[in-house]
Amino acid sequence: MEADIETIYRTFYEERAKRLSNIILTSEYKIVGFFLFAIIQRAITTSGGIETLIKDGNYEATIPLLRVLLDCPLLVRASMLVTHQPSFCESILAGKHLNDLTDKNGKTLSNGGVAKSFDDLNWVVGVHDLYKVLNKHIHFSPAHLNLIFDEHKQIVLGERMIARNQEQVDGISEQYQAITKILIYILDLSLDDLEQHQQ
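Residues numbered from 1 in each chain as written. Predicted model: local features only at pLDDT ≥ 70, side-chain atom pairs only at ≥ 80, totals over all residues. Heavy atoms only, no water.

Draft legend 1. Seen up close, the overall build of the protein chain. The helix and strand inventory of the protein chain stands at 8 helices and 0 strands. At 18 Å, the protein chain has a C-alpha radius of gyration in line with the 16 Å of a compact globule built from 199 residues. By its C-alpha atoms, the protein chain is 65 × 35 × 30 Å across when sized along the principal axes. Sequence-distant contacts, at least 24 apart, represent 67% of the contacts inside the protein chain between residues at least 6 apart. Carbon and sulfur atoms make up 51% of the accessible area of the protein chain, which amounts to about 10,700 Å² in all. Charged side chains of the protein chain number 19 positive and 26 negative; the gap between the two group centres comes to 4 Å. (Helix = DSSP H or I, 4+ residues; strand = E, 2+ residues; numbered from the N terminus. Rg over C-alpha atoms; globule rule 2.2 N^0.38 Å. Contact = heavy atoms within 4.5 Å. Areas by Shrake-Rupley, 256 points an atom, 1.4 Å probe, with all protein chains shown as cover. Lys, Arg positive; Asp, Glu negative; His and termini not counted. Charge placed at Lys NZ, Arg CZ, Asp CG, Glu CD.)

Laid out in structure tokens, this is it:
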């Protein structure tokens, strides 16, 4: 992973924030602007945490943060699947969960369903697979069992096992890059839509 990737990603997010700040929204859609600013802020801070952990070689702690970062594009995408985006954003910012809300067809939203909906955009596939893989590291699962054995099948606690496996390290780097690209793309789509709601 490039040494200055954090700066590059931060610049991508700041460019979207600047674009958003230049959109003068109607009073009804200002909440959508706040929602997107909060998503961008979350992405910047989460990416900073990911970078710190990667530099420290702590990939075990990096993986759950990748899932937190993936939540950002999932929420932006979900906001585009509902009947009234401002109401959705207001509900999420008030603490409601996706599964408390419905899409345009009246179907209850879910993270998995939103992840699958990226396939409908015809530019990226595999978001749902990425979501499933990362969830295994958020919720206790057999994936955690693999993190206690060394190459000799001995139990080793407190060791950073992933750093010993370059293929896994590369996979984490690829996941990080993929999530960032997905978020940038969906932010751009959302900003394009939001420009229709200028004063």
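Draft legend 2. Highlighting the packing of aromatic side chains. Counted under the stated rule, the structure contains 3 aromatic pairs. Judged by centre distance (6.0 Å) and plane angle (80°), the ring pair of Phe35 and Phe88 falls under edge-to-face. Of this pair, Phe35 sits in helix α2 (residues 30-55) while Phe88 sits in helix α4 (residues 85-93), and the two are 53 residues apart along the sequence. On the accessibility criterion, Phe35 (2% relative accessible area) is buried. Of the residues examined, Phe88 reaches a relative accessible area of 3% and is grouped as buried. (Phe/Tyr/Trp six-rings, centres within 6.5 Å; stacked < 30°, edge-to-face > 60°. Buried < 20%, exposed > 50% of the residue type's maximum accessible area, 1.4 Å probe, protein only.)

Draft legend 3. Up close: the pattern of salt bridges. Per the stated rule, a full pass over the model turns up 9 salt bridges. Of the charged contacts in the structure, one is a salt bridge between Glu14 and Arg10, with a shortest N-O distance of 2.8 Å. Of the two residues, Glu14 and Arg10 both sit in helix α1 (residues 5-21), 4 residues apart, roughly one turn of that helix. Relative accessible area serves as the criterion here: at 42%, Arg10 is assigned to the partly exposed category. The closest approach of N and O atoms between Arg16 and Asp188, which form a salt bridge, is 2.8 Å. In this pair, Arg16 sits in helix α1 while Asp188 sits in helix α8 (residues 166-194), placing the two residues 172 residues apart along the sequence. When salt bridges with common partners are traced through the structure, they connect Glu15, Arg16, Arg19, Asp188, Asp192 and Glu195 into a single cluster. (Salt bridge = Lys/Arg side-chain N within 4 Å of Asp/Glu carboxyl O.)

Draft legend 4. Just the nonpolar core, in detail. By size, the foremost hydrophobic cluster in this structure holds 55 residues, and its most contacted members are Tyr13, Leu36, Phe88 and Leu183. Only α1, α2, α3 (59-79), α4, α5 (111-117), α6 (127-138) and α8 provide two or more residues apiece to this core. With 11 residues, the top contributor of residues to this core is α8. (Core = buried A, V, L, I, M, F, W, Y, C linked by side-chain atoms within 4.5 Å.)

Draft legend 5. Just α2, in detail. Helix length check: α2 (26 residues) gives 38 Å between terminal C-alpha atoms against 38 Å at 1.5 Å per residue, within 8%. Phi for Gly57, located one or two positions after α2, is positive at around 75°. (Expected span 1.5 Å × (residues − 1).)

Shape is all these values report; function is a separate question.
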